[in-house]
Amino acid sequence: MNFLAHLYLSGNNTNIMIGNFIADHVKGNKFSHYHQDIQKGILLHREIDTYTDAHEIVRKSKRRLHERYRHYDGVIIDIFYDHFLAKNWKNYSQIPLNVFADSVYKLLQENYTDLPKKTQEILPFMVQYNWLYNYQFAKGIQEVLNGMNRRTNGKSHMNLATEDLLENYLILENDFTSFFEDLCTFSNQKISEIS
């Protein structure tokens, strides 16, 4: 899952949310200096990723893209799934997406000095281009995919993936909806276990 899903799946604990957000930029077990709930968020992120990668629906989604994108298929599906979450946000939260996004940006900016260097580097772009809110639009997804393609020096061809999204839109959205219900149940159970 990508940023929006990880943040959403953190529940109401802001420290778990921070940990869940920074986890990709935390190597191994080098996080004992963080607040205990931030540590829990890092571990929750890893549990979510493991569950997601092993889920048959996610594997099916990846297979739809594999021939064209090879090992980048998972990254693209993560972004597509965030798109469907943003687009259907009202089905999952009573807090409007723009309000949720703004509260996340504020939280991360308030804790900026505690964030890993790589997270600090992406945060200004995330806020400036309002990634979390703009995931709901094809244009927003295209900008994210363009950026990812640049980071791979054009090798990934991820900039083309919006074509695949539009061609397979309903199928991929159905994949997301079925999977995300399972993921929410899994994540809520994990939060109960670590709280």
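Everything that follows concerns the structure shown earlier in this document.
Below is a short write-up of the structure. Note that the structure is predicted; figures quoted are calculated from it, not measured.

So, how was this worked out
Residues numbered from 1 in each chain as written. Predicted model: local features only at pLDDT ≥ 70, side-chain atom pairs only at ≥ 80, totals over all residues. Heavy atoms only, no water. Salt bridge = Lys/Arg side-chain N within 4 Å of Asp/Glu carboxyl O. Buried < 20%, exposed > 50% of the residue type's maximum accessible area, 1.4 Å probe, protein only. Helix = DSSP H or I, 4+ residues; strand = E, 2+ residues; numbered from the N terminus. Polar contact = N/O pair within 3.5 Å; in protein donor to acceptor, adjacent residues only side chain to side chain. Contact = heavy atoms within 4.5 Å. Phe/Tyr/Trp six-rings, centres within 6.5 Å; stacked < 30°, edge-to-face > 60°.

1. A look at the pattern of salt bridges
Then comes step 1: Taken as a whole and judged by the stated rule, the model has 11 salt bridges.
Then comes step 2: Residue Lys-62 is joined to Asp-53 by a salt bridge in which the shortest nitrogen-to-oxygen separation is 3.7 Å.
Then comes step 3: Assessed through its relative accessible area of 17%, Lys-62 is described here as buried.
Then comes step 4: We classify Asp-53 as partly exposed; its relative accessible area is 43%.
Then comes step 5: Put simply, Arg-68 and Asp-164 hold a salt bridge, and the shortest N to O gap is 2.8 Å.

2. Regarding the side chain of His-55
Then comes step 1: Along the chain, His-55 turns up in the loop between helix H3 (36–54) and helix H4 (56–69).
Then comes step 2: A relative accessible area of 12% places His-55 in the buried class.
Then comes step 3: A polar contact is formed between the side chain of His-55 and the backbone nitrogen of Ile-57, at a distance of 3.2 Å.
Then comes step 4: Ignoring sequence-local partners within four residues, the contact set of His-55 consists of Phe-179 and Asp-182.

3. A short note on the packing of aromatic side chains
Then comes step 1: Considering all chains together, one arrives at 16 aromatic pairs under this definition.
Then comes step 2: Ring centres 6.2 Å apart and planes at 80° place the aromatic pair Tyr-92 and Phe-176 in the edge-to-face group. Of the two residues, Tyr-92 is situated in the loop between helix H5 (73–87) and helix H6 (97–110) and Phe-176 in helix H11 (residues 169–194); the sequence distance between them amounts to 84 residues.

Shape is all these values report; function is a separate question.
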